[in-house]
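Spelled out, the chains give:
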Amino acid sequence: MPPFSLKTNCSQNHLLSHSSVCSKIMDLLGQNEIDHHQRQVAILSQDSFYRVLTLEQKAKALKGQFNFDHPDAFDNDLIITTLWNIKEGKTVHIPVYDFVSHSRKEETVTVYPADVVLFEGILMFYSQEIRDLFQMKLFVDTDADTRLSRRVLRDISERGRDLESVLAQYITFVKPAFEEFCLPTKKYADVIIPRGVDNLVAINLIVQHIQDILNGGLTKRLNGCINGHGTTKNQPNDSSSQLH
């Protein structure tokens, strides 16, 4: 259903979206077993960038009456700033959002420079300013029943909600927002992956593409060390940023 984003340091950046697919990619690349400081691939989620709600908005959210699937629910300015810092090879600090209290926590998650950054989120392609930062864009296409069942299981088990409120929110906000804001962005995708994480053929092709990038990035870094010069990360050229 949603898009993706990847980012590479050195001379390329990439962005991806859909958490289960990103997790599968990380697993196949063996990156989950590597310390965060040493990872060549990192993951960011659009869900980390929800806006800080006003008291009135928070009251609505606690009643299940706030639309978190609308483009305006996200702090796009912070997303853009973060992406530009990533493109420049900087360490970034990602907000942590509490979906139970509907608030941004004080702590942050540190993401260190990596060769590839997967950026997942259902509305990552909605804003042209954000969309244009990506060189490669993926749209994970899953059927409506699968999307609903996964949302029900997640919201009940991870966010402490009951079935009635989850279904009411889905009918009122989630489904209409998907059809109005997310589905139309499918046309911007470079690659469409049907069946999501079950499509191992498509995922393996993406993994191979990332491995090719990592091998190139590793060669450039080694050459930089051998020559006694530091490599410049994420130069603003055509290959500096890709989305999946």
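Residues numbered from 1 in each chain as written. Predicted model: local features only at pLDDT ≥ 70, side-chain atom pairs only at ≥ 80, totals over all residues. Heavy atoms only, no water.

> What is the right way to read the overall build of the chain from this model?
Across its full length, the chain carries seven helices and eight strands. Taken over 244 residues, the chain has a buried fraction of 47%. Considering only intrachain contacts with a sequence separation of at least 6, the fraction spanning at least 24 residues in the chain is 75%. Within the structure as shown, the chain displays about 12200 Å² of accessible surface, and the carbon and sulfur contribution to it stands at 52%. (Helix = DSSP H or I, 4+ residues; strand = E, 2+ residues; numbered from the N terminus. Buried < 20%, exposed > 50% of the residue type's maximum accessible area, 1.4 Å probe, protein only. Contact = heavy atoms within 4.5 Å. Areas by Shrake-Rupley, 256 points an atom, 1.4 Å probe, with all protein chains shown as cover.)

> Can you help me understand the nonpolar core in this one?
Within the largest apolar cluster, 19 residues are counted, with the highest numbers of intra-cluster contacts made by Ile25, Leu29, Val41, Val116, Leu118, Ile206 and Ile210. Every element with two or more residues in this core is listed here: α1 (19-29), β5 (116-120), β6 (138-141) and α7 (200-226). Considering each element in turn, this core owes the most residues, seven residues, to α7. Setting aside residues up to four positions removed in sequence, leucine 29 forms contacts with Val41, Val207, Ile210 and Gln211. Ranked by size, the runner-up nonpolar core spans 18 residues in total, among them Ala42, Ile80, Ile94 and Phe119. (Core = buried A, V, L, I, M, F, W, Y, C linked by side-chain atoms within 4.5 Å.)

> How should I be thinking about α1 in this particular structure?
Residues separated by three or four positions in an α-helix point in the same direction, a consequence of the helix having 3.6 residues per turn. Of all the positions in α1, only Val21, Cys22, Ile25, Met26 and Leu29 are classed as buried. Projected down its long axis, α1 shows its buried positions confined to an angular sector of 140°, all on one face. Among the residues trailing α1, glycine 30 stands out with phi positive, at a value near 75°. (Arc of directions from axis to C-beta.)

> Any chance you could explain the confidence of the model for the chain here in plain terms?
Close reading of the predicted structure is inappropriate where its pLDDT is low. Model confidence for the chain is summarised by a mean pLDDT of 81, while 81% of its residues fall at 70 or above. Per-element confidence in the chain ranges from a low mean pLDDT of 38 for strand β8 (residues 242-243) to a high of 95 for strand β3 (residues 92-98). Note on residues 1-17: pLDDT under 50 across the span, and 157 contacts to partners over four residues away in sequence or across chains. In the predicted structure, residues 224-244 sits below a pLDDT of 50 and forms 83 contacts with residues beyond four places in sequence or in another chain. (pLDDT = per-residue confidence, 0-100.)

> Where do I start with the side chain of asparagine 67 in this structure?
With respect to the helices and strands, asparagine 67 occurs in the loop between α2 (55-62) and α3 (76-87). What makes asparagine 67 buried here is its relative accessible area of 19%. A polar side-chain atom of asparagine 67 sits 3.0 Å from the main-chain amide nitrogen of aspartate 69. Beyond its immediate chain neighbours, meaning those up to four positions away, asparagine 67 contacts Ala73, Phe173 and Ala177. (Polar contact = N/O pair within 3.5 Å; in protein donor to acceptor, adjacent residues only side chain to side chain.)

> Got a minute to help me understand unusual backbone geometry in this structure?
Even without being a glycine, histidine 102 presents a positive backbone phi close to 55°. Within the element layout of this structure, histidine 102 appears in the loop between β3 and β4 (103-111). Here the phi dihedral of arginine 195 falls at roughly 70°; this positive angle occurs in a residue that is not glycine. Classification of arginine 195 by relative accessible area gives exposed; the value is 51%.

> Which parts of the structure should I look at to understand a nonpolar patch on the surface?
A cluster of nonpolar residues, Ile156, Leu163 and Leu167, forms a patch on the protein surface that exposes about 230 Å² of accessible area. For leucine 167, the location among the structural elements is in helix α6 (residues 163-182). (Patch = residues over 30% accessible without salt bridge, like charges linked within 9 Å, V, L, I, M, F, W, Y side chains within 5 Å. Salt bridge = Lys/Arg side-chain N within 4 Å of Asp/Glu carboxyl O.)

> Just checking my understanding: could you explain the packing of helix α5 (residues 144-159) against α6 for this structure?
For any two helices packed against each other, the geometry is given by the interaxial angle and the distance between the axes. For the pair α5 and α6, the least separation of the axes is 10 Å and the interaxial angle reads 135°. Relative to α6, the element α5 lies oblique. The two elements α5 and α6 meet at a crossing, and its hand is right-handed. When α5 is examined against α6, the residues Ala144, Arg147, Leu148, Arg151, Val152, Asp155 and Ile156 are found in contact with a partner set consisting of Leu163, Val166, Leu167, Gln169, Tyr170, Val174 and Phe178. Its residues assigned to classes, the contact of α5 with α6 comprises 10 nonpolar, one polar and three charged. (Axes fitted to C-alpha atoms, helices over the stretch in contact; angles between N-to-C directions. Parallel < 35°, antiparallel > 145°, perpendicular 65-115°, else oblique. Left-handed = near helix turned anticlockwise from the far one by under 90°. Nonpolar A, V, L, I, M, F, W, Y, C, P; charged D, E, K, R; others polar.)

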